[in-house]
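This is what each chain is made of:
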Amino acid sequence: MGDSERVYIDALPYFDAGYDEPGVREAALALIDEECRRYRPTKNYLDHLPLIDTSKFETEVFRTEMERVAARQPMELLNMKRCELPGPPAGQKSDLGAWAESLRNSQAQLEHQSTRLVNLNLLARYGTNAWKTYCSYLESLVDQLQKQHTTIRSSIQEINWERKSEQQDAGSRLTALEAEFTSLVDSNFRLEDVCQQMESRASSLRAEEASFREMSEHMAKEAEKKRRQVENQMESAEREEKRKIGAEQRQRRNEMRVHKQLESQNDGFIDDDEAKEVPERMDES
């Protein structure tokens, strides 16, 4: 049998338990009745099988008798005329032909009875041994059939033991696989839970990272703003310092110039034009 023709039965009766529990048989019968009510064949599922040819088992006598039964006709009675020894009819008592016919009938009946006596004698002489031989033949047939029956029962028992062993092994493997499947499903659930927790943690970390990044950017902007302010203040201070230094230097130069001019006046070497320029320069400074 090929794999396409193999029949797989989804049941392990030698391993499964619970069949004897109350209500299981009734539930199974209810399922069968329900399927039978729902099953409505649309075609004859025996069309692929040939019709049974019963003619090979029929004889002429059997066929005639079946036709008689089909026609509802009564069975014919046994014809016992050949066993009778009638004389000539009353109107033919003086007829030689009628007496000759009656004589031939009597001779035939006598010969038939003689043959029966011979058969009975043969049966009495050889029937016992023949019957014993037949009984011995029947006993040999019985012994042969009993041996075949014992062999078949042994084969059935071996097949049942093999089925039981295979089903128990398959049941053990199924139990182990079911336990492994349950463990893997539980592990998958736990792993999924851990993954969800990690995803939520990653989401919170991403939110914190975005918040920290925004805060750092804000702090960087504030620091840049303060740096620019400090640089501006320093530049302003440097410009003010330079201006003060320049003013002091100009003031010192003016003072030195005025001092020189005063010295020149004291010495009498200053003219009127230079005397007029000194106050103007002091005013400009």
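Everything quoted here is computed from the prediction, not taken from an experiment.

To continue, consider a negative patch on the surface. Taken together, Glu158, Glu162, Glu166 and Asp169 make up a surface patch of like negative charges. Here Glu158 is to be found in helix H3 (residues 96–267). Residue class for Glu158 comes out exposed when judged on its relative accessible area of 55%.

Taken together, the side chains of Arg250, Arg253, Arg257 and Lys260 make up a positively charged region of the molecular surface. Mapping Lys260 onto the fold places it in helix H3.

Where charged atoms of side chains with opposite charge meet at close range, the side chains can pair. For the structure on display, the rule yields twelve salt bridges. Of the charged contacts, one joins Arg38 and Glu34 as a salt bridge, the two residues approaching to 3.7 Å between their closest N and O atoms. Of the two residues, Arg38 and Glu34 are both situated in helix H1 (residues 24–38); the distance of four residues between them amounts to about one turn of the helix. Relative accessible area serves as the criterion here: at 57%, Arg38 is assigned to the exposed category. Note that Glu224 and Arg228 form a salt bridge whose closest N and O atoms lie 3.3 Å from each other. Remark: Arg228 and Glu224 occur in helix H3; sequence separation between them is four residues, near one turn of the helix. Among the ionic contacts, a cluster of salt bridges with common partners joins Glu224, Arg227, Arg228 and Glu231.

The rules we used
- Residues numbered from 1 in each chain as written.
- Predicted model: local features only at pLDDT ≥ 70, side-chain atom pairs only at ≥ 80, totals over all residues.
- Heavy atoms only, no water.
- Patch = residues over 30% accessible without salt bridge, like charges linked within 9 Å, V, L, I, M, F, W, Y side chains within 5 Å.
- Areas by Shrake-Rupley, 256 points an atom, 1.4 Å probe, with all protein chains shown as cover.
- Salt bridge = Lys/Arg side-chain N within 4 Å of Asp/Glu carboxyl O.
- Lys, Arg positive; Asp, Glu negative; His and termini not counted.
- Charge placed at Lys NZ, Arg CZ, Asp CG, Glu CD.
- Helix = DSSP H or I, 4+ residues; strand = E, 2+ residues; numbered from the N terminus.
- Buried < 20%, exposed > 50% of the residue type's maximum accessible area, 1.4 Å probe, protein only.

Function cannot be inferred from these measures alone, as they are strictly geometric.
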